[in-house]
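# Understanding the architecture of this molecule
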Amino acid sequence: MRRYRFGLIAAPLAFVHLVVAVAAGVLALVSGDPALLRELVARGWDTMLVPHVGWVELVLVVGGVVQSWALWQVLRGRRLGGPAGRRRAIGLLRAALYLSVASDLLYRLPLPYQWWFGLPEELLRFAIVLLFFVVVAGALPRWLRLVGLVAGLADAVIAVLGTVAYPLGPDSWLRVFWAHPLGNVLHLLWFVPVLAGQARDTRWSVATVRFGVVAAPLSLLSSTSFSTIGIGGGLDFGMVLRMLLAVTDVFVLTWAARSAHELAEAPHPRPRPRKIPSPAPRRPWALAAVAVALPLVPAAVNVAGGMPVWIGPRGAIEEFFREVPGDPAGLLWLAVDVLVGVGALAVLVLVAVVRRTRRLLRATMLSLTLAAAAGVLTALTAWPDEDWDVSVLAEERLRLYPDGLFTLGESGELLFGLSPLWYSAAFAASAIILFFLYAAPPAARLRHHVLVTAAAASVALCLLPVADHARGPVTTVQDCSPNQPWQDARVGPLPPTGPRAFICAVRANQALGLADTTPDQVLLAHGHRLCAAYTRNDPDELARIYAAEGLDVRELYGVLATICPAADADVRDDLAAEDRQFAESDAEHRRKCAAIPRHRPLIKPAKAVRLKEPQWPQPEGVELYDPETGADPYDGVFDHSLENGLVGAGPGHVAVHTHADYAVCVTLETYARRPPVETKGWDHVAEVGYDHRGGRMVFRASTGGIEWPDLSLDGRKGHYRIRVHFAWFAWKGEELGSQRLLIMAYPGQGDKLVTYRKPSRR
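Because the structure is predicted, anything quoted here is derived from the model rather than measured. Starting afresh in each chain, residues are numbered from 1 along the sequence in its written order. The predicted nature of this model means local features are confined to residues of pLDDT at least 70 and side-chain atom pairs, given and counted, to a pLDDT of 80 or more, with totals for whole chains, interfaces and linings taken over all residues. In computing side-chain values, all of the structure's heavy atoms are included and hydrogens and water are not.

### Looking at the packing of helix 22 (residues 520-536) against helix 23 (residues 539-549)
For the record, the criterion: Interaxial angle, 0 to 180 degrees, is taken between N-to-C directions of lines fitted to C-alpha atoms, where a helix line uses only the stretch in contact. Put simply, DSSP H or I for four residues or longer makes a helix, DSSP E for two residues or longer makes a strand, and each gets a number counted from the N terminus. Contact definition: two residues touch when any of their heavy atoms are within 4.5 Å. Amino acid classes used here: Ala, Val, Leu, Ile, Met, Phe, Trp, Tyr, Cys and Pro are nonpolar; Asp, Glu, Lys and Arg are charged; the rest, including Gly, are polar.
Interaxial distance between helix 22 and helix 23 falls to 9 Å at its minimum, and their mutual angle equals 145 degrees. Contact with helix 22, carried on its side by His-526, Arg-529, Leu-530, Ala-533 and Arg-536, involves Glu-541, Leu-542, Ile-545 and Glu-549 of helix 23 and no other residues of that element. The residue makeup of the contact of helix 22 with helix 23, split by class, is four nonpolar, one polar and four charged.

Take a look at the structure:
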């Protein structure tokens, strides 16, 4: 028998959503493409913001199941039967709540986002706030309703002004209302009186009020910003928490829909108050004292060391409270951090041991367990000490903490006191002692406690891969090329091979777009996955990887070569092709130099050398300098040679300019007396002076190890004149085939630069 007005429509839609969510989850886990699952459950959140990780997709599947159930709650409508309430305010409140739900559902459709999409729902807040003020008049005192009214109206005004300010740009004065941190607090100040009124009003069921109780803290933690930006690669746990908050906002939607449904139903009978159970029996005071003292031990150590905080500015939880909800929630977290850090949980345990009520004991054990889990999660997601750049991060991370609380260590890292794991161990041990001392007998335990325990265990199992992701060594760029004092500086460290070479290549080039703190084992896992895709060479698979991760796998073969045989084979083929190309090019340049006619001097030189190999002076040419004069080969003589176009000189220094992209065919000649000037067949001829103080007189290139034969006249010291001849030699139709260079040296006085022939303007 049909129980709800639109049950025949809501049930198939919810079932289809459930099937599609589960199927999308299976597709994400099998194919590695979570786009459909993310779009259906989290309204986007592509892999650029949150990378594809198996446990994240599993959590999203659970979120999809919850959303399917919420869709049934929203769309089924009221129970069949005549409406119980006929008051005008009740009808208007039902209509406003339904319109708000419809606006939220419309916003979830895959439509191009427009800044005004949220405006209708925000305008409806005014009506909902005013109508709730009227409807719950008989259930709440007037002062509490006024508090909710003022807070709700202020929240609605800020929301509307913030939305209107968005398209006006950052220069508008209304911009102060955009993503205002007080919005969440004001909304909570309105929400709490409304829930209190619903709890006292029989028109709403206990289940609806409980949905509101779950939605209230979620509304405080939800982000007030309009956009989310992810920086860097790797898994950011703060971004994961933001995405999960976007999934759990269905509780607010469910509360609004159920509140509207039940306004048209008969009053809901309240359950009879249960008999207050008797306190737990007294237990040996020694064990109870241990349970009280355990949370005090790490707190006492920290406080004695001048550190009154539990976690401090580190880990995913602190980052979430600092970045997502805004300053009010951040200050609330700071208060919790300080209270737990100085031993407030020990006071809670003491009160629970003294009173021994079942509810207080359960709440205390739950608080200890949650605090222990928070400490473990913080330890797994905290930044390594060496990644703390105080000059950049201190202003943002430490702005809510007192100045001077955190001091610097020897390496410049911030000192936080004890690790949160010590607190977690103490809290877990205290909770276990309380459980064995005061746990209710099996007959007194409620069934829903078993369900909650099973759900908590399932969540813990889902989060186990987080620990696996965070553990393991992290090789840095400095580790890849360490300074080895025992090693010959000319040789340098041996190059890494195998997996270490892959890790070092990824670290140095940021090839995979992952964070610098990503563990080595995660890099290797990514590398082997990309190697498999590279080996299969499936265009569709490569396109999916590029769309999801922005990686062109075919272009990564150089990075993958050390761990991927297919990529290594391609690298070897490329190197062999480059060697063949280089050999062919070198042979071609040899033929060019061999084809250049030999120079026929007009007088007999004392010695002449024609270099057989084509030369490649880098970056601009060759230099002749005498170290005994203190001449600096990098003192800018090339600037003078550039003015002349060919040769420049300074005290104890001569530079010859050549083109770096073409080979140079070189002939060197030394004369005992001044040779006749030759300009025929040359494009540029110039001469400078050089004072030779002794030893070898050779031209060298600044790089490449080039050193030409000695130009001195049998080692003669004294002043020389250096005459440089330059011409382009055409080759097989190439006007600039190679460079031809003739350098003459002879004893002579004078430092003046003389140009015998200038190149044509052409």
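### Quick notes on helix 15 (residues 344-355)
Selection rule: The span expected for a helix works out to 1.5 Å for each residue beyond the first. Three labels apply to residues, based on accessible area from a 1.4 Å probe with only protein chains included: buried if under 20% of the type maximum, exposed if over 50%, partly exposed otherwise in between. Relevant arc is that of directions from the helix axis to the C-beta atoms, nothing else.
In this model helix 15 runs 17 Å from its N-terminal to its C-terminal C-alpha over 12 residues, within 8% of the 16 Å that 1.5 Å per residue would give. Among the residues of helix 15, those classed as buried are Leu-345, Ala-346, Val-349, Ala-352 and Val-353. All buried residues of helix 15 fall inside an arc of 120 degrees around its axis, so they share one side. In helix 15, the exposed residues that point more than 90 degrees away from the buried face are Val-347, Val-354 and Arg-355. After helix 15 finishes, the residue Arg-356 shows a positive phi value of roughly 60 degrees.

### Things to note about the state of the cysteines
Note the following rule: Counting rule for disulfides: a pair of cysteine sulfur atoms within 2.5 Å.
According to the stated counting rule, one finds two disulfides in the structure shown. There is a disulfide in this structure between Cys-531 and Cys-564, and the S-S distance comes to 2.3 Å. On the sign convention where negative is left-handed, the bridge of Cys-531 and Cys-564, at about 80 degrees about the S-S bond, is right-handed. Highlighted residues: Cys-531 in helix 22 and Cys-564 in the loop between helix 24 (557-560) and helix 25 (565-595), separated in sequence by 33 residues. As far as the burial class goes, Cys-531 and Cys-564 line up, both buried.

### Considerations on empty space enclosed by the protein
Worth spelling out the cut-off: A cavity here means a set of points on a 1 Å grid, drawn over the protein atoms and nothing else, where a 1.4 Å probe fits but cannot get out; a pocket is an open set with protein on both sides within 12 Å along at least five of seven lines, and a residue lines either one if it has an atom within 4 Å of a point. Grid points are joined across faces, edges and corners, and a volume is the space filled by probe spheres set on the points.
Inspection of the entire model under this criterion finds five cavities of 30 Å³ or more. Estimates place the volume of the largest cavity at around 120 Å³. Taken together, 14 residues make up the lining of the largest cavity; nearest its centre are Ile-596, Arg-610, Cys-665, Thr-667 and Arg-740. Put simply, the parts of the chain that give the lining of the largest cavity at least two residues each are strand 5 (664-670) and strand 8 (734-747). When grouped by side-chain class, the residues that make up the lining of the largest cavity number nine nonpolar, two polar and three charged. Here the second largest cavity is characterised by a volume of approximately 80 Å³. Lining the second largest cavity are Val-129, Phe-132, Phe-133, Val-136, Leu-140, Arg-145, Gly-148, Leu-149, Trp-190, Pro-193 and Val-194. Contributions of two or more residues to the lining of the second largest cavity are made by helix 5 (119-135), helix 6 (142-165) and helix 7 (182-200). Here the lining of the second largest cavity is composed, by residue class, of nine nonpolar, one polar and one charged.

### With respect to the pattern of salt bridges
Put simply, the rule is: Salt bridge, as used here, is a side-chain nitrogen of Lys or Arg placed within 4 Å of a carboxyl oxygen of Asp or Glu.
This model, assessed by the stated rule, comprises 16 salt bridges. For Asp-155, the salt bridge is made with Arg-125, and the minimal N-O distance between the two is 3.2 Å. Residue Asp-155 is located in helix 6, and its partner Arg-125 is located in helix 5; the two are separated by 30 residues in the primary sequence. Note on Asp-155: relative accessible area 6%, which makes it buried.

Read these as layout, nothing more, since geometry by itself doesn't imply function.
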